[in-house]
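One letter stands for each residue in the lines below.
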Amino acid sequence: MGFTGALWPVHPDRTRLRELERVYRCVEDLPDAPDVAFVAVNRHATIDIVAALAAQGAGGAVCYASGFAEAGPPGAELQTRLVAAAGDMPFIGPNCHGLLNYFDGVALWPEQQGGLRQNRGIALITQSGNIALNLTMQARGLPIGYVVTLGNQASVNLADVMEAIAQDERTTAIGLHIEGIRHPSAFVRAAQLARERGIPIVAVKSGRSELGAKLALSHTASIGGLDSVADAFLERAGVVRVRSLAVLLETLKLLHVHGPLGGADIASMSCSGGEASLIADTAASHGLRLRPLTDAQAARVAASLPALATATNPLDYHNFSWNDSASLEAIYTSMLAACYDLAVLVLDFPRRDRCGEGGFGRATDAYLAAARKTRARAAIIATLQENLPESEAQRLIAAGIAPLCGLDDGLAAAGAAARLGRLWLASPASVVEASALGSKPTRTLSEWESKQRLRRYGLVTPDGAKVDTTTAAVTAANTIGYPVVLKSIGSDIVHKTERNAVSLGLGNEGAVRDAAEEQLALHGTELLVERMITDTVAELIVGVGRDPVLGLYLVLGSGGIFVDLLDDHRILMLPATAAEICASLASLRVIKLVHGFRGKPAGDAAAIVAAIMAIQSFALEHRDVLVELDVNPLIVRPLGAGAVAVDALIRTAGDIP
């Protein structure tokens, strides 16, 4: 790595380590306190050596050994002893590969690595040593400045490393491989610092969980699986999530060159109609738009094209100009000047072991010249990853062109950079962390109890009464006015439809009497009589769930019976702003009904937001005891008539007033 400082090997028996002729027998024999030590001994010896380093005044350590908390209770006890032995001395690990600093030539690392020294570059932070090792072997031209593996995070955690790296002006972007986030608020603060310093963050998160693997108490709990909440959390933090390590590398490369994109409009150029079609099909799947050229732009592009080519986006400029550098530069310049968020030239380079240069150098030079002239955000994308040699990728990056390897991965990277640009427009983030509930017994409030508590925060519920006899049910229905709904409301009756615990549209005394007698015979619980809402425009679910690490989250989606039929929901971390809520609602399919579908009356959109804010207020007020909350459905009535919560459920760990 070219490190120019002192290297002090410590070993009880060796007298020489490769070219290092002085080997110290123990930490106490070192000539001074080291800035940092790589500790590569077994887990038991690690504890003693870390204690000796801390006593010596060392700046920090990397603990390579495994067999600590990840190995179960005995290892967890060893990890507790390790933390105590370190005292105030920070350390990375245990159970990690350590770190590589390609800026300064520091390798606290146990084996080979494939990187090069850099002056500017991205940082990779992973919880897996082997994944980090594999990423250093990439041949895509990505300049890597830091690689840090975290292991068990017993001392230094993910947020600590993010914050430290974000303060290095040589860092251009940060890539994360995350298995879990242990300190949500610290993570958000570190991401915000990176954003303030213009350093974008992109992440791959593993550990996707199966939703609905076991029966959940409410729909909110099943929708808000750990992975869905992680998506919402990362978005709130301003971190864009991608699907694979390949897309992570391509996104980091694009961010290194151009930073987050200002929008999702791209221009495409290729000398093949087939490639143009592939671009068109693939771009849409990644949220990108091939905006048509304006008439004026099309005229300028057409003036640069050979006679048989048509000025469109994506552009197939044919291969008539392939050996004419001036003609190629004119074509590329006319497209780059059309002011897209990103312009891509499709170019697959020939194999160098079997083929000649074939004019690809001229095409590349012409594109570089056009990019310099227009100062456009430009990329070259190869349809196959192996068709863009590393040397070409490095040359393009040096010239300010993003080299993207693979059509699908490259366009996924562009989509991620566009999403990141949108996230950066949002206000600074915050999250509500979950306090530990411990072993407190949980309590499920009945629908009546749940509604009474939510009404105090402004949520509208139907006029109703709680009764325990058939006669009282008839009296209540006469007072409320027909039609009415009759429900059994015991705290153990959650999904009423499946339990035959709800009777709808009861229009007279006889219908109420019959339904009450039947439900009392079936369930023997109290009954709820409520006014039937008959002018429904749409039904929504609004829920609040509790992730044990990431905190409280809000679920919005299609409600009623459709919550189980349609994958139509969004998750937001709490607290959510009215603007975030409106944006999430706008992305739901059910919102078409609220806007007035096929001539039907429009719904009261403002009342939806007011209801959601009321539910959120209750959740935030009771954050220390709330386990989950489920309003399903929230019935949206016509414009001006409001929104009504016709069913509600609250589960708590402890009592609430």
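Here, every reference points to the structure presented above.
Residues numbered from 1 in each chain as written. Predicted model: local features only at pLDDT ≥ 70, side-chain atom pairs only at ≥ 80, totals over all residues. Heavy atoms only, no water.

1. Quick word on the packing of helix α9 (residues 273-285) against helix α14 (residues 407-423)
And then number 1: Running from N to C, α9 and α14 point in directions that differ by 45°, and their axes come no closer than 9 Å. When the axis of α9 is compared with that of α14, the two are oblique. Regarding α9 and α14, the two cross each other, and that crossing is right-handed. Residues L278, I279, T282 and A283 of α9 touch α14, and the partners they reach there are L407, D408 and L411.
And then number 2: Here the contact of α9 with α14 is built from residues that sort into 5 nonpolar, 1 polar and 1 charged. (Axes fitted to C-alpha atoms, helices over the stretch in contact; angles between N-to-C directions. Helix = DSSP H or I, 4+ residues; strand = E, 2+ residues; numbered from the N terminus. Parallel < 35°, antiparallel > 145°, perpendicular 65-115°, else oblique. Left-handed = near helix turned anticlockwise from the far one by under 90°. Contact = heavy atoms within 4.5 Å. Nonpolar A, V, L, I, M, F, W, Y, C, P; charged D, E, K, R; others polar.)

2. Regarding the packing of helix α16 (residues 470-480) against helix α17 (residues 509-523)
Packed helices, taken two at a time, are described by the angle their axes make and the gap between the axes.
And then number 1: Remark: α16 packs on α17, axes separated minimally by 9 Å, with the N-to-C direction vectors making an angle of 140°. Taken together, α16 and α17 sit at an angle that is classed as oblique. Where α16 crosses over α17, the handedness of that crossing is right-handed. Of the residues in α17, those in contact with T470, A473, V474, A477 and N478 of α16 are E509, V512, R513, A516, E517 and L520.
And then number 2: Residues belonging to the contact of α16 with α17 are distributed by class as follows: 6 nonpolar, 2 polar and 3 charged.

3. Structural notes on the packing of aromatic side chains
And then number 1: Per the counting criterion, the structure on display carries 8 aromatic pairs.
And then number 2: Here the aromatic rings of F187 and F233 are separated by 5.5 Å at their centres, their planes lie at 45°, and the arrangement is tilted. One end of the pair, F187, is in helix α5 (residues 184-196); the other, F233, is in helix α7 (residues 226-237), and 46 residues separate them in sequence. A single burial state applies to F187 and to F233, both of which are buried.
And then number 3: Taken together, the aromatic side chains of Y317, Y332 and Y367 make up a single cluster linked through ring pairs.
And then number 4: When the ring centre of Y340 is taken as origin, the NZ or CZ atom of R291, which lies over that ring, is 4.0 Å away. (Phe/Tyr/Trp six-rings, centres within 6.5 Å; stacked < 30°, edge-to-face > 60°. Buried < 20%, exposed > 50% of the residue type's maximum accessible area, 1.4 Å probe, protein only. Lys NZ or Arg CZ within 6 Å of the ring centre and 35° of its normal.)

4. Considerations on the environment of Q113
And then number 1: Its location among the elements puts Q113 in the loop between β5 (106-108) and β6 (121-126).
And then number 2: Sequence separation of Q113 and V344 is 231 residues, and the distance between their C-alpha atoms is 32 Å.
And then number 3: For Q113, the contacting residues outside a window of four places in its chain are M1, L100, Y102, L133, T136 and M137.
And then number 4: A polar side-chain atom of Q113 sits 2.7 Å from a polar atom in the side chain of Y102. (Polar contact = N/O pair within 3.5 Å; in protein donor to acceptor, adjacent residues only side chain to side chain.)

5. Re the pattern of salt bridges
And then number 1: Summed over all chains, the structure comprises 26 salt bridges.
And then number 2: The closest approach of N and O atoms between R352 and E392, which form a salt bridge, is 3.0 Å. Here E392 lies in helix α13 (residues 390-398) and R352 lies in the loop between β13 (342-346) and α12 (360-374), a separation of 40 residues in the sequence.
And then number 3: Owing to a relative accessible area of 52%, R352 belongs among the exposed residues under this scheme.
And then number 4: We note a salt bridge from R354 to D353, for which the minimum N-O separation is 4.0 Å. For the pair R354 and D353, one class covers both residues: exposed.
And then number 5: Ionic contacts of the salt-bridge type, sharing partners, join the residues R352, D365, E392 and R395 into one network. (Salt bridge = Lys/Arg side-chain N within 4 Å of Asp/Glu carboxyl O.)

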